[in-house]
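# Overview (structure and organization)
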Amino acid sequence: MSIIFLLAPFSILLALVGLAAFWWTLRHNQYDDPAGDAARILIDDGGEGPPGRL
Amino acid sequence: MTATTSEDFSAFLRPQGQGTSSLDLLVKGARCAGCMAKIEQAAGKAPGVSAARMNLTSGKLSVTFEGADGDPAVVIAALDALGYPATPFDPAQAAAAHDREGRRLLMAMAVAAFGAANAMMFSVPLWAGLFGQELGPATRTFMQWASALVGAPCAIFAGAPFFESAWRSVKARRANMDVPISIGVILTLAISFVETLQHGRDAYFDAAVSLLFLLLIGRWLDHRLRTRARSAAADLLALQAPAASVLGPDGRERRTPVSEVAVGDLILVRPGERVPVDGEIQVGVSDFDNALLTGETTPQTLGPTQACRAGALSLTGTIRMRATARSEDSAVAAIARLVEAGAQSKSAYVRLADKAAAIYVPVVHAAAALTFVGGWALGVDPREALLRAVAVLIITCPCALGLAVPAVQITASARLFRKGVLVKSGAALERLAEIDHVVFDKTGVLTLGRPMLIDPAPATIAMAAPLARASSHPLARALANEDPGKDMATDVKETPGGGVEGRIGGRLARLGRADFVGVRGPVSAETELWFGFEGDTKVRFCFQDQLRPDARRTIDELRARGLTVEILSGDGPGPVQAIARAVGVDHWRASLSPTDKVSAIAELAAAGRKVLMVGDGLNDAAALAKAHAGMAPGTALDASQNAADLVFSGEGLGAVRISIDVARAARHRALENFGFSALYNLVAAPAAMFGLINPFVAALAMSGSSLVVTLNALRMSRAGR
């Protein structure tokens, strides 16, 4: 049963890491332009990568 | 450095650190990844530009210039060439766009979610203990402490927005929704600590945090509704109040934000532009359209030494004028002050949720007090009596009140947004639902605000069309629209305030006012245009402002909903009566000044009527702000759109009917939700009083009631077809 003294803090620590990650994304303007970010991945910036196939 | 263009937008540049400067442009028409790539590339290639980033969500392009001397005009020209018209955004507005409040709420929500999930992890064993599972007192205390360690700090952080708002409202001696929420949360935390210390059973840390999480969802939805409407309104402003062209001593044109124009500045106004500030014409003659200022439909001709008012639209000629007032002191500003006064009277409006809170708070707190005192008097242990009193507060904490109204309103405004109606705030929807009288402006609301030819005769139109096509005057444009041909007159000369002259097939012809074309006789009251070849018979074209196609139907539909309709117009009695008859409205008043309109609205309000004003002109702005609710079409002047609660786009007036339907449906849903909450409290509060509530039941009941209320709000999306 004493394993709980290790596991409980550990699970909270994991959740804190997630919370910190969310805080980081918020601080780095990741929610300012959801539509743009979704579209940006489609922009072909040329040169790099394998040729596209139809 | 500005070789390519004569215009100078440098007043819009915002200096950044290290000698760079940046500029926000509102770009129209960007919708896909392709557009975004093209726009960023084009802007990035412009000389002096170090970075350009397009925000597809807000439609703004942020351009950073190397050095302080970048030239925005080159970027704007490049975007125009691509087919994306761009407008510089006022630096003050761009700074305000940064959404601090929204981020704070989002972070609070994340913390509450984290707290709720992790405190719940320790609560599950506690709940199991309640149902006779094996849980020793030591383990229970351990779980409670763990739950407190996670839950309490999260509750304090996530509750901060509510505590602050409650404190402000208590200081102002008013009770809003946040007061009972704050009292509930703080008491819950306090009693849970005491219970934990005394090895008791009732620790509600998880309930406190999950309550805050649910409430924050509602708060965030409400905030998003307001910021979205505000930024849409700011976009409209940027598009409609473009910069003024101030002429420098060297004769160079400088685009300046209207608010920075000084008295004595020389300003250039081209055909199709609005006069930015009050001024006196120095050079040039033009016809001015005052329709949005006063509601008059006949253009006014002004020349040198005559005064022209801010907001008038120059139709035919290019003029140079000297500013006689700053933008804050212009004729427009007097109206702006009226608008402010009207808006203040509106801010006294008590929102539905706060009205409910005003009844709810005393009842619930009295019930809690009664539980404690009554329980003690009836011989219940004082500690148990106190626990029961707190349980009453926890179980009745106004989850539904805090979540239900924003959820309904965001669904309603999303629905209206798809119909082309922009709702500025949730309070606006609440006020719109209470309307019993509708006041329409005539020009631009019941009518389209642009002249149309009456009794067109194709033969004569075809004769005059080549000359009409060469002019930018609205009457000439209306005439040209009637003819499918493409011929253009040659040697065209336009005389502002007179008409246009040119050669059609070699013959000299004139199109314009009666005296310009050479017709003698009494001046006609109708809007008219004369045409004739030199030495030939003259022909007359008559124009009338066209009724919106669905004006009659909309008014009939409004009547069917038990509303009364009236027309208040600044135009003369003749045209107003004609329109009133056409739409079947008996009550109308004409030749009203902006102040007359406000006092007409005030009279109606004093008689107990809840008035919806639908208007577009500057002369309506004050009335829009004064009325219980205001609606303006998207073609209205910026001042009116600012004063209105809702802005609708498109040709039809049907939006008025749809908005009222949706607002009424939203009110209905909100009241239903209140009814449900009341019912829930009627069951839950007595249960808490008799000590039947334990932490598990509290958690279950609270999230259950929130869920029901939210699902009911979502039914909203079927209303207002």
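Each remark here, short or long, concerns the structure printed above.
Reference entry: report on the structure contained in this document. In this text the structure is predicted, and so the values were computed from the model without any measurement.

Counting secondary structure elements, chain A contains two helices and zero strands. A buried classification covers 17% of the 54 residues belonging to chain A. With an accessible surface of roughly 4,600 Å², chain A has 68% of that area assigned to carbon and sulfur atoms.

In this section: the overall build of chain B. Helix and strand counts for chain B come out as 24 helices and 27 strands. Taken over 721 residues, chain B has a buried fraction of 53%. Of all intrachain contacts in chain B linking residues separated by at least 6 positions in sequence, the fraction that spans at least 24 positions is 67%. Carbon and sulfur atoms form 59% of the exposed surface of chain B, whose accessible area is close to 31,200 Å².

Once that is clear, we can look at the interface of chain A and chain B. Counting from both sides, the interface comprises 23 residues of chain A and, opposite them, 21 residues of chain B. Summing both partners gives a buried area of about 1,900 Å² for chain A against chain B, and 72% of it is carried by carbon and sulfur. Broken down residue by residue, the surface that chain A buries against chain B is led by Leu19(A), Leu26(A) and Arg40(A), which jointly contribute 28%. Seen at the junction of chain A and chain B, the total is two salt bridges. Those elements that provide at least two residues to the side of chain A that touches chain B are helix 1 (4-27) and helix 2 (34-40) of chain A. The element that contributes the greatest number of residues to the side of chain A that touches chain B is helix 1 of chain A, accounting for 12 residues. Across the side of chain A that touches chain B, the residue classes tally to 15 nonpolar, three polar and five charged.

Attention shifts here to the sheet that holds strand 24 (residues 588-589) of chain B. All names here are of chain B. Pairing within the open sheet is mixed, and its seven strands lie in the order 15-27-26-25-16-23-24. Both edges of this open sheet fall to strand 15 (421-423) and strand 24, since each of them pairs with a single strand only. Looking at chain direction, strand 16 (residues 437-440) and strand 23 (residues 564-568) are connected through four bridges and run parallel. If you follow Val439 over to strand 23, its bridge partner there is Glu566.

Right, let's get into the side chain of Thr141(B). Residues and elements named next belong to chain B. Relative to the helices and strands, Thr141 is located in helix 5 (residues 137-171). Exposure remark for Thr141: the relative accessible area of 10% places this residue in the buried category. Here Thr141 is in contact with Thr196 and His199, once residues within four sequence places are set aside.

Residue and element names in this part refer to chain B. Using the criterion set out here, one finds 22 salt bridges over all chains in the structure. With a closest N to O distance of 2.8 Å, Arg383 and Glu195 form a salt bridge. Here the residue Arg383 occupies a position in helix 11 (residues 382-395), and Glu195 occupies one in helix 6 (residues 178-197), the gap between them amounting to 188 residues. On the basis of relative accessible area, Arg383 is assigned to the partly exposed category, the value being 37%. A salt bridge links Asp491 to Arg503; its shortest N-O distance comes to 3.6 Å. A residue pair is termed long-range when its members are at least 10 positions apart, and Asp491 in strand 18 (residues 490-495) and Arg503 in strand 19 (residues 499-504) qualify at 12 residues.

Moving on: the pairing of strand 10 (residues 286-289) of chain B. Residues and elements named next belong to chain B. With three bridges connecting them, strand 10 and strand 11 (residues 300-302) associate as antiparallel partners. Bridging across to strand 11, Phe288 finds its partner in Gln300. The pairing of strand 10 with strand 13 (residues 313-314) spans two bridges and is classified as antiparallel. When the sheet's bridge partners are listed, Phe288 is paired in strand 13 with Ser314.

All names here are of chain B. In this structure, Phe122, Tyr204, Leu216, Ile395 and Ile693 are the most contacted members of the largest nonpolar core, which totals 66 residues. Ranked by residues supplied to this core, first place goes to helix 4 (residues 100-130) with 12 residues. In contact with Ile693, other than residues within four places in its own chain, are Arg201, Asp202, Tyr204, Ile395, Ala684, Ala687, Ala688 and Ala698. In terms of nonpolar packing, the next biggest core, distinct from the first, is built from 41 residues, Leu432, Ala433, Leu446 and Ile658 among them.

All names here are of chain B. For the structure on display, the rule yields six aromatic pairs over all chains. Judged by centre distance (6.4 Å) and plane angle (50°), the rings of Trp145 and Phe193 are tilted. Note that Trp145 is positioned in helix 5 and Phe193 in helix 6, a separation of 48 residues in sequence. Taking relative accessible area as the criterion, Trp145 reaches 36% and is therefore assigned partly exposed. The structure contains a cluster of three or more aromatic residues connected by ring pairs, namely Trp145, Phe193 and Phe205. Over the aromatic face of Phe516 sits the side chain of Arg510, whose NZ or CZ is 4.3 Å from the ring centroid.

Moving on, we come to the packing of helix 20 (residues 594-606) of chain B against helix 21 (residues 618-626) of chain B. All names here are of chain B. Direction vectors running N to C along helix 20 and helix 21 enclose 20°, while the axes themselves pass 8 Å from each other. One element, helix 20, and the other, helix 21, form an angle in the roughly parallel class. The element helix 20 and its partner helix 21 pack so that their crossing is right-handed. Residues Pro594, Lys597, Val598, Ile601 and Ala602 of helix 20 touch helix 21, and the partners they reach there are Asn619, Asp620, Ala622, Ala623 and Lys626. By residue class, the composition of the contact of helix 20 with helix 21 is six nonpolar, one polar and three charged.

Bringing helix 13 (residues 426-433) of chain B into the picture now. For helix 13 of chain B, a buried count of eight out of eight residues is recorded, marking the element as mostly surrounded by other parts of the structure. Here helix 13 of chain B has its buried residues at Gly426(B), Ala427(B), Ala428(B), Leu429(B), Glu430(B), Arg431(B), Leu432(B) and Ala433(B).

We now examine the sheet that holds strand 20 (residues 507-512) of chain B. Strands belonging to one sheet form pairs held by backbone hydrogen bonds; the direction of such a pair is parallel or antiparallel. Residue and element names in this part refer to chain B. Pairing is antiparallel across the open sheet formed by six strands, whose spatial order is 17-22-21-20-19-18. Two strands lie at the open edges of the sheet, namely strand 17 (447-453) and strand 18, each paired on one side alone. Each strand axis lies, on average, 20° off the axis of its neighbour in the sheet, ignoring direction. Pairing analysis gives five bridges linking strand 21 (residues 527-533) to strand 22 (residues 539-547), with the strands arranged antiparallel. Of the residues in strand 22, the one forming a bridge with Leu529 is Phe541. Packed onto the sheet, helix 16 (residues 474-481) meets strand 17, strand 20, strand 21 and strand 22 and runs at close to 70° relative to strand 21.

Reading the values: the criteria
- Residues numbered from 1 in each chain as written.
- Chains lettered and ligands numbered in written order.
- Predicted model: local features only at pLDDT ≥ 70, side-chain atom pairs only at ≥ 80, totals over all residues.
- Heavy atoms only, no water.
- Helix = DSSP H or I, 4+ residues; strand = E, 2+ residues; numbered from the N terminus.
- Buried < 20%, exposed > 50% of the residue type's maximum accessible area, 1.4 Å probe, protein only.
- Areas by Shrake-Rupley, 256 points an atom, 1.4 Å probe, with all protein chains shown as cover.
- Contact = heavy atoms within 4.5 Å.
- Buried area = accessible area lost by both parts, 1.4 Å probe.
- Salt bridge = Lys/Arg side-chain N within 4 Å of Asp/Glu carboxyl O.
- Nonpolar A, V, L, I, M, F, W, Y, C, P; charged D, E, K, R; others polar.
- Pairing = 2+ DSSP bridges.
- Core = buried A, V, L, I, M, F, W, Y, C linked by side-chain atoms within 4.5 Å.
- Phe/Tyr/Trp six-rings, centres within 6.5 Å; stacked < 30°, edge-to-face > 60°.
- Lys NZ or Arg CZ within 6 Å of the ring centre and 35° of its normal.
- Axes fitted to C-alpha atoms, helices over the stretch in contact; angles between N-to-C directions.
- Parallel < 35°, antiparallel > 145°, perpendicular 65-115°, else oblique.
- Left-handed = near helix turned anticlockwise from the far one by under 90°.

Geometric descriptors of this kind do not, in isolation, establish any biological role.
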